[in-house]
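# Observations on the three-dimensional arrangement
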Amino acid sequence: MLDVIEEAKREELKAKCREMKVLPPTDIFIGLQVHDKGKLIFDDVQRGHSWTRNYWNAIFAYVSNCSIVDSSFGAGYISCKNPAGAFTYQANTLLIQGLIMAGSANITNGIVVGTGTSAFDVEQYALDALIGSGNSAGKLYYNASAVSSTTYAAKAWTIVGSRIFNNNSGGSIVVAETGLYSAQGWSIYWLFERSVLGAAVTVPDAAQLTVTYTIVDDFSAID
Amino acid sequence: MLDPKEEAKFDELKGMFRDLKLPPPPEIFINFQVHKDGKLIFDDKQRGHSWTRNFYNYKCLVGTNAALTNTGFGAGHMSSKNTSGSYDAGLSAIAGAITTGGIGVTRGIVVGTSDTAFNIDQYVLGALINHGTGAGQLTYQASAFDSKAYALKVWTATSKRIMNNNSCGDITVKEIGLYSDSGGFFLIERSVLSPTVTVPDGAQLTVTYEISMDFSSID
């Protein structure tokens, strides 16, 4: 569920960006739907806004063309950590891609889900408790995902991508966090965004969870 | 010269981003120094804030793998135009705002003589000053990423380019831009200068781009 006060603050910020003709922040909305036996049993939209240090550093490196080569992590370092906690980098020619695109059963890039409820911290580089892909206890089967639409309306570009997770585990699974693992050149993976869900999502056995990321860039400052 | 009113507005804007813990927009400052006979005869700092549509579109596509359409350019088109005016899918792999500029004018920091007002759909400088020693030309030195620094919770990346005037006449620089090299060449920022910069014959112009990003909402 969207927070009315936060939405108002964001509108105010976007208006200020328009006035000054500067890039507004990218908006992310996370749609969560659970279908069970052909029926929609859960339907919610939440705002995703928990960009990690990996994302901040990658964006700065992109616009400035500096390399992500520091071997410490935190304030004062331009570095990125992969989900295993190791420093990985791509010197120069930074290519950020694959926030949404992922192959079947792939849990290293694209939209991922977990059961962790620990509060968001900007230094996080992996989901708190990633749900693995599979059909055994505690696992969800990750389907392939890709961008499904790129549309322009009301001076905003909206890019949508979904991923379907099937629960063939024999028991219910509670999804409490979602994330975006980015693929750099398809070989280096970084957590760019993690959202602890305001309302956790229970996926009953044999049910299907659809997570839809909607990424919106407001162009009204220039269009 | 920096405008105190504009700077105050930017500070206010950054405060709003901090409040929401969001990455603020990257800022650009451009320093100009002219040396002649070993003496500094001009020294100025201006804010660069004229990102082009090429930059906006790339920023929008970052990370999503959405496709460029390349069927038109302007509002409602997710496309890119290179400095030749052709659509070019190379934008999907744009290298960065400050690119290594070899000798010449196809990439990196470039300057021109046009004072045509900035327009978001521009894809080339208004009147690029060519590389050379002929009339109206400057000799562009190679440039590279210079340094990055962290202070007061702000990251600043710096890149520099030197241009020598061996043209036998004065040259007035009125615009500056960044040509990104990503297979094709793309104008991603253009600033019309105020004041303009006169480079006398035999003088040397040093342009320093500083791109900074305020990390204070997370650091």
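Within each chain, residues carry numbers counting from 1 in the order of the written sequence. Following the order in which they are written, the chains are lettered starting with A and the ligands numbered starting with 1. Restriction of local features to residues with pLDDT of at least 70 applies here, the model being predicted, together with a cutoff of 80 or more for giving and counting side-chain atom pairs; totals for whole chains, interfaces and linings are based on all residues.

This part takes up the overall build of chain B. Each helix is a run of DSSP H or I of at least 4 residues and each strand a run of E of at least 2, with the numbering of both proceeding from the N terminus. In terms of helices and strands, chain B carries two helices and nine strands. Counting over 219 residues, chain B shows a buried share of 42%. Long-range contacts, defined here as pairs at least 24 residues apart, represent 67% of the contacts in chain B between residues at least 6 apart. With C-beta atoms placed from the backbone, a residue is labelled by how many other C-beta atoms lie within 10 Å of its own: buried for 20 or more, exposed for 12 or fewer, partly exposed between the two. Working definition of a contact: two residues with C-beta atoms, positioned from the backbone, lying within 7 Å.

Helix and strand counts for chain A stand at two helices and ten strands. Counted from the first residue to the last, chain A has its helices and strands arranged as α-β-β-α-β-β-β-β-β-β-β-β. Restricting the calculation to C-alpha atoms gives the radius of gyration, and the globule rule supplies 2.2 Å times the number of residues raised to the power 0.38. Whereas a compact globule of 223 residues would reach a radius of gyration of roughly 17 Å, chain A reaches 18 Å, a difference of no more than 12%. For chain A, the spread of C-alpha atoms along the three principal axes comes to 50 × 40 × 30 Å. A total of 223 residues make up chain A; the buried ones form 39% of that total.

Here we come to the confidence of the model for chain A. What pLDDT expresses is the predictor's confidence in each residue, scored from 0 to 100. Confidence in the prediction for chain A averages 88 pLDDT; 93% of positions are at 70 or higher. Looking across chain A, the model is least confident in strand β3 (residues 96–97) of chain A, with a mean pLDDT of 54, and most confident in strand β5 (residues 141–142) of chain A, with 98.

By definition, a nonpolar core groups buried Ala, Val, Leu, Ile, Met, Phe, Trp, Tyr and Cys residues that connect through C-beta atoms lying within 7 Å of each other. Core analysis: the biggest nonpolar cluster contains 92 residues, and Ala58(A), Phe60(A) and Leu205(B) have the highest contact counts within it. For this core, the element with the most residues is helix α2 (residues 53–64) of chain A, which contributes eight residues. Apart from residues lying up to four places away in sequence, Phe60(A) is in contact with Ile78(A), Trp155(B) and Met213(B).

Take the residue count of a helix, subtract one, and multiply by 1.5 Å to get its expected span. A rise of 1.5 Å per residue sets the reference length of helix α1 (residues 4–20) of chain A, with its 17 residues, at 24 Å; its end C-alpha atoms lie 25 Å apart and thus fit the reference within 8%. With its phi angle positive at about 55°, Lys21(A) sits one or two positions after the end of α1(A).

Here we come to the environment of Ser217(B). Along the chain, Ser217(B) falls in the segment after β9 (204–214). Every residue in contact with Ser217(B), bar those within four places of it in the chain, is listed here: Phe17(B), Arg18(B), Lys21(B) and Leu22(B).

The subject of this paragraph is unusual backbone geometry. Most peptide bonds take the trans form, and the phi angle of most residues other than glycine is negative. With an omega of 5°, the peptide bond between Ser194(B) and Pro195(B) qualifies as cis. Mapped onto the fold, Pro195(B) is located in strand β8 (residues 184–199). Phi is positive for Ala105(A), which is not a glycine, with a value near 70°. Mapped onto the secondary structure, Ala105(A) falls in the loop between β3 and β4 (110–114). Backbone geometry places Leu152(B), a non-glycine residue, at a positive phi of 50°.

The buried count for helix α2 (residues 53–61) of chain B comes to nine of nine residues, which makes it a mostly enclosed element. All buried positions along α2(B) are accounted for by Arg53(B), Asn54(B), Phe55(B), Tyr56(B), Asn57(B), Tyr58(B), Lys59(B), Cys60(B) and Leu61(B). At its buried positions, α2(B) is contacted by β7 (156–166) and β10 (208–218) of chain A together with β8 of chain B.

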